[in-house]
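Structural overview for review
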Amino acid sequence: MSDPVEEVTRAQLRHGLRIATLLVAMAIVLGVGLPNLLRYMDTYPSPLTQVTAFAALGAVLAGEATLLVRGRSWSRLRGPAIAIVLCASALSYVTLPEGRTSTGVDWIFGAANWVGIVVLLDRPLRTSASFLLAHELTALLHLLLLDDPSRADMARFATGSVTVFGFPLCLAVVATVLRGLSAAAADSRREIEQVRVAETVAAESHGRRQQRLAELSATTIPLLEGLADGSLRPEDPMVQRRCAIEAARMRRLFAEADTVANPLLHELRHCIDVADRKGVVVELDARGQWPTPPVAVRRDLTEAVLIVLATAASRARVTVMGSADLVSVSVVADCGEMDMPSPATPGVRVEALNNDHTVWLEARWQRTS
């Protein structure tokens, strides 16, 4: 995702460039074009036509100023705005005195180009270049078709075109380069953020693996080492009991990483699966709605239950009941008397009753405010 500060900076840069371009265009239209229009008003065959062309350019500049104040772009109005600029240029040339193209009388030659650049500033460079070329062709066609140009007239037109075409094009190039740099900077930042996220995820995954290894090292690893070096015999009932308990713990540990709607039931089902593989018939009954306990609390709620399930002989029944601030996990199984672990989390209570070869056990957690 992009940095909001960076987005604001890029928006301010684009806004500032638009303001600067608008000011340049207004300075040229009002400071150069308007004085020439007024100075040579008597020389135009139709002064009203020239005034209309000037008003059209002024309307486009006013539209850009309004959009800037509102923080908006031309959007779908961009095409009509460019059409107005080109029509104003053509209209001015229709009533331009003969032999006056690219002179002081031809005020629109150095004004309409800047107005068009104002509208096309945030468009690709080829669009701005196409507009400037169309503006140049309008003046050139007037010179070739309606005048009888001499070599001096063509030289004057070529010299004037250097500034009329070149300067606005340079500004369009600068705007394009700035947009490219801004986009490249945004892409680079996104790539850096993706690398940082990947590194964070890898570090967290490695930490979880290390934590799981530490949790298994106290009980599972000594059991595996004993089986490997022969100090523990697989046919020993106590070794089989320990293997069943460790298998249930490992399955519960792996289930803790799953993203599910009810983690407690999900982990209990993995503990029950170990008993199912031994041929023990297990019933699971869940009633009520309860808050999701933290991982440490879920381990205390399921620890004694998985020991009972792993050592049950033939049958077991697991019941989960909960309310808004309480969850209880109980199990009844034919596993005989056994020592139950003490909960490591405050707020978890474990109670057990033994009757001949049947054990009833309940682990309860009360959520505190």
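Anyway, here's the lowdown on the structure attached to this text. (Residues numbered from 1 in each chain as written. Predicted model: local features only at pLDDT ≥ 70, side-chain atom pairs only at ≥ 80, totals over all residues. Heavy atoms only, no water.)

Points about the overall build of the chain
- The secondary structure content of the chain amounts to 10 helices and five strands.
- Against the 2.2 N^0.38 benchmark of 21 Å for 369 residues, the chain shows a C-alpha radius of gyration of 42 Å, more extended than a compact globule.
- Overall size of the chain, expressed as C-alpha extent along the three principal axes, is 120 × 45 × 30 Å.
- Within the chain, the proportion of its 369 residues that are buried is 39%.
- Residue pairs at least 24 apart in sequence account for 70% of intrachain contacts in the chain once pairs closer than 6 positions are excluded.
- Of the roughly 20000 Å² of accessible surface on the chain, 61% is carried by carbon and sulfur atoms.
- If you average the places of the 37 positive and of the 39 negative side-chain charges in the chain, the two averages end up 5 Å apart. (Helix = DSSP H or I, 4+ residues; strand = E, 2+ residues; numbered from the N terminus. Rg over C-alpha atoms; globule rule 2.2 N^0.38 Å. Buried < 20%, exposed > 50% of the residue type's maximum accessible area, 1.4 Å probe, protein only. Contact = heavy atoms within 4.5 Å. Areas by Shrake-Rupley, 256 points an atom, 1.4 Å probe, with all protein chains shown as cover. Lys, Arg positive; Asp, Glu negative; His and termini not counted. Charge placed at Lys NZ, Arg CZ, Asp CG, Glu CD.)

Quick notes on the side chain of T319
- Position of T319 relative to the elements: it lies in strand 2 (residues 315-322).
- Apart from residues no more than four positions distant in its own chain, T319 is found in contact with D285, S328, V329 and S330.

Description of the packing of helix 9 (residues 263-277) against helix 10 (residues 295-311)
- Interaxial distance between helix 9 and helix 10 falls to 10 Å at its minimum, and their mutual angle equals 20°. The orientation of helix 9 with respect to helix 10, classified from their angle, is roughly parallel. Between helix 9 and helix 10 the crossing geometry is right-handed. Residues P263, L264, E267, L268, C271, I272 and A275 of helix 9 touch helix 10, and the partners they reach there are R298, L301, T302, V305, L306 and L309.
- The residue makeup of the contact of helix 9 with helix 10, split by class, is 10 nonpolar, one polar and two charged. (Axes fitted to C-alpha atoms, helices over the stretch in contact; angles between N-to-C directions. Parallel < 35°, antiparallel > 145°, perpendicular 65-115°, else oblique. Left-handed = near helix turned anticlockwise from the far one by under 90°. Nonpolar A, V, L, I, M, F, W, Y, C, P; charged D, E, K, R; others polar.)

Quick look at the environment of V51
- If you trace the backbone, V51 turns up in helix 2 (residues 47-70).
- The class of V51 is partly exposed, set by a relative accessible area of 37%.
- Along the sequence, V51 and F109 sit 58 residues apart, while their C-alpha atoms lie 15 Å from each other.

Focus: unusual backbone geometry
- Phi angles above zero are rare outside glycine, and S75 is one such case at about 55°.
- Looking at where S75 falls in the secondary structure, it is placed in the loop between helix 2 and helix 3 (78-94).

Observations regarding the sheet that holds strand 3 (residues 326-333)
- Across the sheet, five strands lie side by side as 1-2-3-5-4; this open sheet has mixed pairing. Each having just a single partner strand, strand 1 (281-288) and strand 4 (348-355) make up the two edges of the open sheet. Mean inter-strand twist for the sheet, computed between neighbouring axes without regard to direction, equals 10°.
- Direction of pairing for strand 1 relative to strand 2: parallel, over a ladder of eight bridges. When the bridges of strand 2 are listed, A286 appears paired with V320. (Pairing = 2+ DSSP bridges.)

Some details on the nonpolar core
- Judged by nonpolar contacts, the single largest core of 45 residues is most densely connected at Y44, L57, L61, V85, W107, I108 and V115.
- Sorting the residues of this core by element identifies helix 1 (4-39), helix 2, helix 3, helix 4 (112-120), helix 5 (125-146) and helix 6 (151-217) as the ones contributing at least two each.
- Among the elements that make up this core, the one with the highest residue count is helix 2 (eight residues).
- Leave out the neighbours within four places in its chain, and Y44 touches N36, L37, Q50, T95, L96, P97, V105 and W107.
- Counting 37 residues, the second-largest nonpolar core is a separate cluster that includes L268, A304, V305 and I307. (Core = buried A, V, L, I, M, F, W, Y, C linked by side-chain atoms within 4.5 Å.)

Observations regarding the pattern of salt bridges
- For the structure shown, the criterion picks out 17 salt bridges.
- Taking the shortest distance from any N to any O, the salt bridge between R249 and E303 comes out at 2.5 Å. Of this pair, R249 sits in helix 8 (residues 237-255) while E303 is found in helix 10, placing the two residues 54 residues apart along the sequence. An identical accessibility class is assigned to R249 and E303; each is buried.
- Taken together, the salt bridges that share partners define one network made up of E246, R249, R252 and E303. (Salt bridge = Lys/Arg side-chain N within 4 Å of Asp/Glu carboxyl O.)

Overview of the packing of helix 3 against helix 4
- Packing of helix 3 against helix 4 leaves a shortest axis separation of 10 Å and a crossing angle of 175°. Overall, the two elements helix 3 and helix 4 adopt an arrangement that is roughly antiparallel. Two secondary-structure elements touch here, helix 3 through R78, A81, I82, V85 and S89 and helix 4 through A112, V115, G116, V119 and L120.

Brief notes about the pairing of strand 2
- Crossover strand 1 to strand 2 through helix 10 is left-handed.
- Judged from the seven bridges that link them, strand 2 and strand 3 form a sheet pairing that is antiparallel. Bridging from a neighbouring strand, T319 pairs with S330 of strand 3.
- Between strand 2 and strand 3, which pair antiparallel in sequence order, lie three residues. (Right-handed = clockwise from strand over helix to strand, strands pointing away.)

Some remarks on the pairing of strand 4
- Pairing of strand 4 with strand 5 (residues 358-366), which is carried by eight bridges, proceeds in the antiparallel orientation. Looking across to strand 5, one finds that V350 is bridged to A363.
- In sequence, strand 4 turns back onto strand 5 through a hairpin of two residues, with D356 there showing a positive phi of about 55°.

Considering the state of the cysteines
- Inspection of every chain in the model, using the stated rule, returns zero disulfides.
- No disulfide involves C271; its sulfur sits 14 Å from that of C335, the nearest cysteine.
- Using a relative accessible area of 16% as the deciding quantity, one classes C335 as buried. (Disulfide = S-S within 2.5 Å.)

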